[in-house]
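Residue strings, one per chain:
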Amino acid sequence: MNTKVRTRFAPSPTGPLHMGGVRTALFAYLFAKQHNGDFLLRIEDTDQNRYVSGAEEYIIEALSWCGIKIDEGVPVGGPHAPYRQSERKNLGIYKKYAEQLVSSGHAYYAFDSVEEIEAMRNRLINAGEVAPQYNSNSRMSMSNSLTFSDIEVNEKINAGLPYVIRLKMPVGADVSFTDIIRGVVTVNSSLVDDKVLLKSDGMATYHLAHIVDDVLMEITHAIRGEEWLPSAPAHIMIYRYLGWESKMPQYAHLPLLLKPDGNGKLSKRDGDRLGFPVFPLNWTDPLTGELSSGYRERGYYPEAFVNMLAFLGWNPGTEQEIFSMEELIKAFSFEHVHKSGARFDPEKTKWFNEQYLRLQPVEKLSENMKAAVSKEFQFDTNDYRLSDKFLNRAVSLLKDRVHFESEMIATGRYLFEAPTGYDQTVILKKWKPELLSFFQELIIAFNALTEFNLSNIDATIKATAASKQIKAGDIMQLLRVFVSGQGGGVDLLGMIELLGKEEIVQRLEKALEKF
C-alpha cells in the first residue's frame, strides 16, 4: 500500500462498550498494525440526549485492558484534534459541508414537525406501505425546501423556525460500492431514506459527521458492524456529492455477534439470562446504580478475552487457536473474516482462559494466590502452606483443573485443610469392612518410609494392596476420598506427596475412625 494505513474506532459514549464494539476496535487495530499504520480513537458524541457520564473513560480503560494501543485521538491527541465530535461541532466543521450539499442541490432544508412526519407515516401505512420512510417518494408532500419557494424558505429560516438538513437521495438509481469482506454491494436508492445530516440543534448526525471526519483525519479503512450496511448507499452518495470519492476509505462491514443458540444478535439480556458478561469491564449505571459484570472482574485474562474475540467471525485458516497479540497482527486478514454472523460460545470463552492459565508461570500463580489462601484459611504468616515451595506444588496440581485463578482455592481446598466430610457416593459403592486392614497396614507402611516421595508412595500402596490380595484399582478412589473427602480431584499421588507423611497419616486415621 502506497498510502499509510489509518483506521479508527469511533464509539458513542452512550453506556458500557459491548464486546462487539471491542471486536470492531480489535480488527481495526490488527489491520493497522499489520501494515505499520495508525489506529485512532474518535468519540462520536453526536447524540447528546443519549450521552452517559463515565462512558468515554470506560471505553478508554477497556481498550487499554485489552492491549489495544491508541496512536492518535482521545485521549492522546494528535494533528487532527479535536477528536470528540461535540467539540468539532462547536468549531463549525460539519455545518459548512451540510450547507454545501444544500447549495449543490444534493440536500435540502426540512421544516416538518413531529406530527407531520407521523401523519405521513400513517398515510403511507394506510396505503399499504410496509416500511414508510421520508424518501424520494414522500418528500414532495412534506414541508421542505423542495416544496417551498426560496422566499418561503428564507422567511422560515430568518424567523428562527427549527429545521433539519436532509440528504436528497437520487430516484431509482443503483448505488454500488466494494466492501472488503462482502465484495461488490449494490442497493437501489429507492430503498434508502433521505437521511438527516444536520439536526435542528446544529449537530451533525453520524451519517455526515463520520464522513467529514474520516476524510479530514485521512482514514484509509473504515471498519464497522454490518448493521450499518443499509445506510452505506447514503454514505457513498455523500462522498460523491462532496467530491470526495477518491478520498473515501475502504469499508469493511463485520458480521454480527449472535446469541449462543445462533438466533439473533447477542445482547446484555442474553448474558444476564445465561450467566456470562457481554462487557469487557464491570459497569455501574450512573442513574440506576445497576452493576453489569465484566470479563476482567470475572477473572478472565485480557489475552484470553482478545484471543476469543478474534475468533468471532475470523479464523487463521490453520488449526492454531492460541494467538498472542503479535501473532494476531501477523495472521489477521479480512479475507478470512466471515460474511455470516458469528455465534458466541461462553464455554469456548472459558476454554480460552483455561489455556492462558496453563501458560502462566507456576511462581506467578502461587504469588497471586498467597494472600487469598492466607485470608481464607487464617494461616499464620510462618505457616508452611504459605511457603513458595508448598504453593508452587499446589498450583502445579491445580492449574490444569480450573478455568480461572479464582477457582483454585475452592477446587483445591483439601490441599490446605483436612476434609470434614466424605463423598458418600464413593463410600457406599467402594467401602467394604475387609478393606479396614488394608488401610491400617498402609498407615503403618507410610509411617515407615524415610523418604516420602512419589515413587516410594506408589510402591508402598501397590505392595500393601498385593499383600492383602487386593487390586490397587479397587482402593485408589477410596484412598482419595479418605485424604481429600472428594471422589475426584488433582493427581492422587502428587497430592499425597505434597501433604506429607504426617498429614496423610492423620487424615487416614481420622477417616478410619468414621468407618
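Higher on the page you've got the structure.
Predicted model only: the values in this text are computed from it and were never measured.

Each helix and strand in the protein chain was counted, giving 20 helices and 14 strands. Radius of gyration (C-alpha) of the protein chain: 32 Å, far over the 24 Å computed for a compact globule of 515 residues. Each principal axis of the C-alpha atoms in the protein chain carries an extent, and together these give about 110 × 50 × 40 Å. Looking at the protein chain as a whole, 50% of its 515 residues qualify as buried. Long-range pairs, those at least 24 residues apart, make up 72% of the contacts in the protein chain with a sequence separation of at least 6. Carbon and sulfur atoms provide 49% of the accessible area of the protein chain, an area that totals close to 24,100 Å². Computed over 58 positive and 67 negative side-chain charges, the separation of the two mean positions in the protein chain equals 2 Å.

The next point concerns helix α4 (residues 95-103). When we look at burial in α4, the residues that qualify are Y97, A98, L101 and V102. Buried positions in α4, seen along its axis, are confined to an arc of 150° and lie on one side of it. Turned more than 90 degrees away from the buried face of α4 sit K96 and S103, all of them exposed. Considering only its buried residues, α4 is in contact with β4 (107-110), β5 (164-167), β8 (196-198), α7 (206-216) and α8 (232-241). One or two steps after α4, the chain reaches G105, where phi turns positive at roughly 85°.

Moving on, we come to the packing of α7 against α8. Put simply, α7 and α8 touch, their axes get as near as 10 Å, and they point 50° apart. Viewed along their axes, α7 and α8 adopt a mutual orientation that is oblique. Two packed elements cross with a definite hand, and for α7 against α8 that hand is right-handed. Between α7 and α8, the residues in contact are Y206, H207, L208, H210, I211, D214 and V215 and H235, I238 and Y239, respectively. Looking at the contact of α7 with α8 residue by residue, the classes come out as six nonpolar, three polar and one charged.

Moving on, we come to the sheet that holds β4. The strand order across the open sheet built from three strands is β4-β5-β8, with neighbouring strands paired in antiparallel fashion. Each end of this open sheet is capped by a strand with a single partner; those strands are β4 and β8. Averaged over all pairs of adjacent strands, the angle between strand axes in this sheet comes to 40°, irrespective of strand direction. Examined bridge by bridge, β5 and β8 share two bridges and lie antiparallel to one another. Within β8, the residue paired with I165 across the bridge is L198. Lying on the sheet, α4 is in contact with β4, β5 and β8; it crosses β4 at an angle near 105°.

Inspection of the secondary structure assignment puts D213 in helix α7. Reaching out from D213, the side chain makes a polar contact with the side chain of Q85 at a distance of 2.9 Å. Sequence-distant contacts of D213, defined by excluding residues within four places in its chain, comprise R42, Q85, R88 and Y94.

Positionally, G494 belongs in helix α20 (residues 492-514). Placed 41 residues apart in sequence, G494 and N453 show a C-alpha to C-alpha distance of 8.8 Å. Once you skip the residues sitting within four places of it in the chain, G494 turns out to touch L397 and L454.

Judged by nonpolar contacts, the single largest core of 119 residues is most densely connected at M19, F416, F439 and F446. It is α20 that provides the largest number of residues to this core, a total of eleven residues. Not counting residues up to four positions away in its chain, the partners in contact with M19 are L257, L266, P277, V278, Y295, F305, M308, L309, L312 and F344. If you look at the next biggest cluster of nonpolar residues, it comprises 38 residues, including A107, Y109, I165 and I211.

Turning our attention to helix α17 (residues 436-448). End to end, α17 covers 19 Å across 13 residues, agreeing with the expected 18 Å (1.5 Å per residue, within 8%). All buried positions along α17 are accounted for by F438, F439, L442, I443 and F446. Taken down its axis, α17 places every buried residue within 140° of arc, on the same side. In this structure, α17 carries I444 and A448 as exposed residues pointing more than 90 degrees from its buried face.

A few words now on the packing of helix α14 (residues 388-398) against α20. Two quantities define a packed helix pair, namely the angle between the helix axes and the distance between the axes. Relative to each other, α14 and α20 sit at 165°, their axes nearing to 10 Å. By the angle between their directions, the pair α14 and α20 is classed as roughly antiparallel. Crossing hand, α14 versus α20: left-handed. Only G494, M495, E497 and L498 of α20 make contact with α14, whose side of the interface consists of F390, R393, A394 and L397. A breakdown of the residues in the contact of α14 with α20 according to their chemical character gives five nonpolar, one polar and two charged.

Rules behind the numbers
All residue numbers here refer to positions counted from 1 along the written sequence of the relevant chain. Local features in this predicted model are restricted to residues of pLDDT 70 or higher, and side-chain atom pairs are both shown and tallied only at a pLDDT of 80 or more, whereas totals for entire chains, interfaces and linings draw on every residue. Side-chain numbers here rest on the full set of heavy atoms in the structure, without hydrogens or water. Put simply, DSSP H or I for four residues or longer makes a helix, DSSP E for two residues or longer makes a strand, and each gets a number counted from the N terminus. With the radius of gyration taken over C-alpha atoms, the globule rule is written as 2.2 Å times the number of residues to the power 0.38. Each residue is assigned to one of three classes by its accessible area relative to the maximum for its type, calculated with a 1.4 Å probe on protein chains only: buried under 20%, partly exposed between the two thresholds, exposed over 50%. Here, two residues are considered to be in contact whenever any of their heavy atoms come within 4.5 Å of each other. Only the protein chains shown count as cover for residues, with accessible areas throughout obtained via the Shrake-Rupley method and a probe of 1.4 Å. Counting rule for charge: Lys and Arg are taken as positive, Asp and Glu as negative, and neither His nor the chain ends is counted. By convention, the point assigned to a charge is CZ for Arg, NZ for Lys, CD for Glu and CG for Asp. The arc in question is traced by the directions running from the helix axis to the C-beta atoms. In this description, a line fitted to the C-alpha atoms serves as the axis of each element, helices being fitted only across the stretch in contact, and the angle between N-to-C directions of two axes falls anywhere from 0 to 180 degrees. Here is the rule for angles: anything less than 35 degrees is roughly parallel, anything more than 145 is roughly antiparallel, 65 through 115 is roughly perpendicular, and the remaining ranges are oblique. A clockwise turn of the near helix away from the far one marks a right-handed crossing, whereas an anticlockwise turn of less than a right angle marks a left-handed crossing. We call Asp, Glu, Lys and Arg charged. Ala, Val, Leu, Ile, Met, Phe, Trp, Tyr, Cys and Pro are nonpolar, and the rest, Gly among them, are polar. Following DSSP output, two strands are said to pair if at least two bridges run between them. Here a polar contact is recorded for every N or O atom pair within 3.5 Å, except that within protein the pair must consist of a potential hydrogen donor and a potential acceptor, and residues adjacent in sequence are included only if both atoms are side-chain atoms. Residues belong to a common nonpolar core when they are buried Ala, Val, Leu, Ile, Met, Phe, Trp, Tyr or Cys residues joined through side-chain atoms within 4.5 Å. Residue count minus one, scaled by 1.5 Å, sets the expected span of a helix.

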